[in-house]
Each structure stands twice: as structure tokens, then as C-alpha cells.
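Remarks on the overall topology
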Amino acid sequence: MSRFAASVHLVTTDGPAGRRGVTVSSACSVSDDPATLLVCLNTSSPDNARFEANGSFALNLLGKDNEALARAFAGEGKLAPDARFAKGEWHAEETGAPLLVSALAAFDCRLLESRIVATHRVMIGEVVGVRIGPRAPSLVYLDRGYHSL
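Residues numbered from 1 in each chain as written. Predicted model: local features only at pLDDT ≥ 70, side-chain atom pairs only at ≥ 80, totals over all residues. Heavy atoms only, no water.

Judged by pairing direction, the sheet is antiparallel, and its seven strands sit side by side in the order 3-2-6-9-10-5-4 without closing on themselves. The open sheet terminates on both sides in strands that have one partner only, identified here as strand 3 (20–24) and strand 4 (27–32). Strand-to-strand twist of the sheet, defined as the mean angle between neighbouring strand axes without regard to direction, takes the value 30°. Here strand 9 (residues 105–117) runs beside strand 10 (residues 120–132); their pairing, made up of twelve bridges, is antiparallel. Each bridged residue has a counterpart across the sheet, and for Arg 110 the counterpart in strand 10 is Glu 126. (Pairing = 2+ DSSP bridges. Helix = DSSP H or I, 4+ residues; strand = E, 2+ residues; numbered from the N terminus. Axes fitted to C-alpha atoms, helices over the stretch in contact; angles between N-to-C directions.)

With respect to the element layout, Arg 20 can be found in strand 3. C-alpha separation for the pair Arg 20 and Asp 82, spaced 62 residues apart in sequence, amounts to 9.0 Å. Side chain to side chain, Arg 20 and Ser 45 meet in a polar contact 3.0 Å long. A polar atom in the side chain of Arg 20 sits 3.0 Å from the side chain of Asn 48. (Polar contact = N/O pair within 3.5 Å; in protein donor to acceptor, adjacent residues only side chain to side chain.)

This paragraph deals with the environment of Thr 12. One can find Thr 12 in strand 2 (residues 9–13). With a relative accessible area of 0%, Thr 12 lands in the buried category. Measuring from C-alpha to C-alpha, the distance between Thr 12 and Ser 31 comes to 21 Å, with 19 residues separating the pair along the chain. If we skip the residues at most four places from it in the chain, Thr 12 touches Arg 20, Gly 21, Phe 51, Ser 56, Phe 57, Ala 58, Asn 60, Phe 85, Trp 90, Ala 97 and Pro 98. Here Asn 60 takes part through its side chain, which lies 3.5 Å from a polar atom of the side chain of Thr 12. There is a polar contact of 2.5 Å between the side chain of Thr 12 and the backbone oxygen of Pro 98. (Buried < 20%, exposed > 50% of the residue type's maximum accessible area, 1.4 Å probe, protein only. Contact = heavy atoms within 4.5 Å.)

Attention now moves to the sheet that holds strand 1 (residues 6–7). Across the sheet, three strands lie side by side as 1-11-12; this open sheet has antiparallel pairing. Edge strands, defined here as strands with exactly one partner in the open sheet, are strand 1 and strand 12 (145–148). Of the pairings in the sheet, the one linking strand 1 to strand 11 (residues 139–142) comprises two bridges and is antiparallel in character. Bridge pairing in strand 11 places Ala 6 opposite Tyr 141.

Given below as C-alpha cells:
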């Protein structure tokens, strides 16, 4: 799977279950009518249950200038969750999930379905809002490292 090049995203949530954000490369479009996205989260972290409990998430597409943020949300440096969010500028819209202002695009999603498949929670969300950011090279993950495209 390390040879599978993929865009890097931050998936975030906020609500009654608390705020959470993680770096993911397993995300994709499911449909454009209605606009629907799919995100996969590792079930080894019990904190990832917050996404389902909050019923919403944001998918923030990262550009090459966001590598430090991707590393922080992936757990490098062992930063506390609040310290991770302090590294970026955030905006909330309809669902309350944090949208990264510097993201190439940010999708505000209401959770439609969530189920466990092998080691991951697969979440499908209806896009209820989109924030378009700067046009810049994308951050991708390949061979266990970050690259720009």
C-alpha cells in the first residue's frame, strides 16, 4: 500500500463529543449528485469515535505548504490536540466541523453512514458546504513520505 499515491487531507470534527482532527490519505468522492465523500479512519484510536458521535466531519485537502500541519495531525511531535489546531487558522460553517482556511478545498459534511471494515471505520458524508482555497500544488503521500504534485 505504500506504493499507492494519495492526496493528503485533514479530517476534522467538533461537537458534543469533542473536537478531533487526523491526517488521512484514504478519502475520495463517491458521487456528485448529491455531493458525497468517503473517509476511512483507523479504529485503533478510540478518539476517532468522536466523528460518528458528532455526526459530521470536514475534509480539508492539503497543499504542499501544509506538510507541517499534516505531520502534526498525524501525531509527529506528540502534540496535544489543542496544540495541533493552534497551528492552523480554522473556520466553521453549517456542521461546526473545523475547515482549514489554507486548505486547497474544504468540504463540510453531514455523516450519512459509518461502518467498520477490517481495521478502519468507513464514513460516508453528504457535502453541505464547500470552501475553495488557493490554487497550489497538492500534498501527496507515497513511499511513506510527503511529496507535492
